[in-house]
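One-letter residues, chain by chain:
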Amino acid sequence: MPRFAANLSMLYQELAFLDRFEAAANDGFKAVEYLFPYAFSAQEIALRLRDNGLQQVLFNAPPGDWERGERGLAYLSGRDTEFRSGFAKALEYATVLECPRVHVMAGLVPEAMTRDALQASYVDRMRWAAEAAATQGVTVLIEPINTRDIPGYFPNRQDEAHRIVEMAARRNLKVQMDLYHCQVVEGDVAMKMRHYLPTRSVGHVQIAGSPERHEPNVGELNYHYLLAILDECGYDGWVGCEYRPRAGAVAGGTTAGLGWMTGLS
C-alpha cells in the first residue's frame, strides 16, 4: 500500500511555500518532501509540520549556487570545504525537522573532465557524508537524474548510482529511485524495480508521469501496475509525488489534479 508524500517544491505552486504544508495536509497527505528548506529557518518549518500533522521525509543538501546553474557539489573538485559545510547545515535542518533522509546532488561534469577522473573523489565525499549522517541516524541518498532535465548531470542510470553506493560501502548510503527519470533514460522500469528494490539499496522512491512530468496518471507509465510492484518487492517507504501539475490543474489549484490518487492509497 503506497504512502504518498507531497513534493512541495513542485506541488501547490499557486501558494506561498509555507502555506503549502496546510494545503497538503488538507488534501490528505501525511508527509512532505521538497528540494531546499534553507530560505526559511528550520524552526519555522518544523512549526508548519507540527501544526499540520506532517512528517518530513526528504530534502536536499545545499547544491552550490543554484541560480547560476550549479546542481550539486559532490562531483566538483576544489569544493570540499563548501561541500562539507553545506552538508553540516543539512544535518542541522534534519535534526530539527526530524527528517531521516538527505539527498546529495552530485553536480554537473565540468568541461574537459571525465566521469572516471572525478569518480574517486565523488565516492570519497559520499562516504564522508554517510559517516557524518550516521551519527544522527540519517540516510544519505544519491539520485540518477536524466540529462534532458539537467544536461551534464551524473549519475543518470540506476546501475551507475548503485555502483557508487557499492564502492562507498556505507550502510546508510542508498539510491533515490525516481521512476520518471528511470523511464526517460533507460526504460524497463518494472524490471529495474524488481532488480533493485529487494536488495534494500533503494532508500526512497519518487513518481511522475512520463514524458512531461505531470500527474502519474498522464503519459506512458502505468502506475497502477508499478505501485503494486512496490508491495510485491516489500518496499514500505514513502513515495514522493515530484511532478508538475498540468496547466488545467494549476488553474484550479494542485488539488484539482489529485484524482489520480483514487484507488492507489
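Use the structure listed above.
Residues numbered from 1 in each chain as written. Predicted model: local features only at pLDDT ≥ 70, side-chain atom pairs only at ≥ 80, totals over all residues. Heavy atoms only, no water.

> I keep staring at the nonpolar core and nothing clicks. Help me out?
Within soluble globular proteins, side chains that are nonpolar tend to cluster in buried spots. F21, F29 and F59 are the most contacted members of the largest nonpolar core, which totals 84 residues. Those residues within four positions of F21 in sequence are excluded, and the remaining contacts are L8, V32, Y34, I45, R48, L49, N52 and L54. Ranked by size, the runner-up nonpolar core spans 6 residues in total, among them V57, L58, L141 and W238. (Core = buried A, V, L, I, M, F, W, Y, C linked by side-chain atoms within 4.5 Å. Buried < 20%, exposed > 50% of the residue type's maximum accessible area, 1.4 Å probe, protein only. Contact = heavy atoms within 4.5 Å.)

> Could you clarify how one ought to interpret the side chain of R101 in this entry?
With respect to the secondary-structure elements, R101 resides in strand β4 (residues 101–103). From its side chain, R101 meets the backbone oxygen of V57 in a polar contact 3.0 Å long. Within the structure, R101 has its side chain in polar contact with the backbone oxygen of G203 (distance 3.3 Å). (Helix = DSSP H or I, 4+ residues; strand = E, 2+ residues; numbered from the N terminus. Polar contact = N/O pair within 3.5 Å; in protein donor to acceptor, adjacent residues only side chain to side chain.)

> I would appreciate a short explanation of the packing of helix α3 (residues 80–97) against helix α4 (residues 115–134) in the present structure.
The packing of two helices is summarised by the inter-axis angle and the distance between the axes. It is the contact of α3 with α4, at a shortest axis distance of 11 Å, that shows an interaxial angle of 30°. As far as their axial angle goes, α4 and α3 are roughly parallel. Judged by the twist between their axes, the crossing of α3 over α4 is right-handed. Across the interface between the two elements, D80, F83, R84, F87 and L91 of α3 pack against R125, W128, A129, A132 and A133 of α4. For the contact of α3 with α4, the residue count by class is 7 nonpolar, no polar and 3 charged. (Axes fitted to C-alpha atoms, helices over the stretch in contact; angles between N-to-C directions. Parallel < 35°, antiparallel > 145°, perpendicular 65-115°, else oblique. Left-handed = near helix turned anticlockwise from the far one by under 90°. Nonpolar A, V, L, I, M, F, W, Y, C, P; charged D, E, K, R; others polar.)

> Is there a simple way to explain the sheet that holds strand β6 (residues 173–178) in this structure?
Sheet strands pair via backbone hydrogen bonds, and the direction of the pair is either parallel or antiparallel. Sheet architecture is closed into a barrel: 8 strands sit in the order β1-β2-β3-β4-β5-β6-β7-β8, paired in parallel fashion. Neighbour-to-neighbour, the strand axes of this sheet turn through a mean angle of 30°, independent of strand direction. Both strand β2 (residues 31–33) and strand β3 (residues 55–60) contribute to a ladder of 3 bridges, which runs parallel. Paired with E33 across the bridge in β3 is L58. Packing against the sheet, α3 makes contact with β3, β4 and β5 (139–142), and its axis sits at approximately 170° to β3. (Pairing = 2+ DSSP bridges.)

> Help me understand the packing of helix α2 (residues 42–51) against α3, please; the structure alone is not making it clear to me.
Closest axis-to-axis distance for the α2/α3 pair is 9 Å, and the angle between their directions is 30°. Here α2 is positioned roughly parallel relative to α3, judged by the angle of their axes. You can see that α2 and α3 cross each other, and the crossing is right-handed. Listed contacts from α3 to A42, Q43, I45, A46 and L49 of α2 are Y93, V96 and L97. Residues that form the contact of α2 with α3 fall into these classes: 7 nonpolar, 1 polar and no charged.

> Got a minute to help me understand α4 in this structure?
Residues lying three or four places apart along an α-helix face the same way, a consequence of the helix completing one turn every 3.6 residues. Compared with the 28 Å implied by 1.5 Å per residue over 20 residues, the 27 Å span of α4 between its first and last C-alpha is a close match. Where α4 is buried, its residues touch α3, β5, α5 (158–168) and β6. (Expected span 1.5 Å × (residues − 1).)

> Before we go on, may I ask you to explain the environment of N26 in this structure?
Relative to the helices and strands, N26 is located in helix α1 (residues 20–26). Spatially, the C-alpha atom of N26 lies 34 Å from that of A106, the residues being 80 residues apart in sequence.

> I keep staring at the pairing of strand β7 (residues 202–207) and nothing clicks. Help me out?
Successive side chains on a regular strand alternate, one facing one side of the sheet and the next facing the other. Here β7 lies mainly inside the structure; 6 of its 6 residues are buried. As paired elements, β6 and β7 share 4 bridges and run parallel to each other. The residue of β7 that forms the bridge with V175 is V202. Summarising the sheet, β7 and strand β8 (residues 238–241) pair through 3 bridges and their orientation is parallel. Residue Q206 lies in a different strand from β8, and its bridge partner there is G240. In this fold, β7 hands off to helix α8 (residues 223–232), which returns the chain to β8; that crossover is right-handed. (Right-handed = clockwise from strand over helix to strand, strands pointing away.)

> What is the right way to read the pattern of salt bridges from this model?
If the charged atoms of two oppositely charged side chains come close together, the side chains can form a pair. For the coordinates displayed, the defined rule picks out 14 salt bridges. Notably, a salt bridge pairs E232 with R194, separated by 2.7 Å at the nearest N-O pair. With E232 in helix α8 and R194 in helix α7 (residues 189–196), this pair connects stretches of sequence that are 38 residues apart. A residue is classified by how much of its surface remains accessible, and R194, at 28% relative accessible area, is partly exposed. The network of salt bridges with shared partners includes D149, D178, R213 and E242. (Salt bridge = Lys/Arg side-chain N within 4 Å of Asp/Glu carboxyl O.)

> Just checking my understanding: could you explain α5 for this structure?
Turning to α5, its buried residues number three or more, namely Q158, E160, A161, H162, I164, V165 and A168. Elements in contact with the buried residues of α5: α4, β5, β6, α6 (179–185), α7 and β7. Of the residues flanking the end of α5, it is A169, one or two places downstream, whose phi is positive at about 55°.

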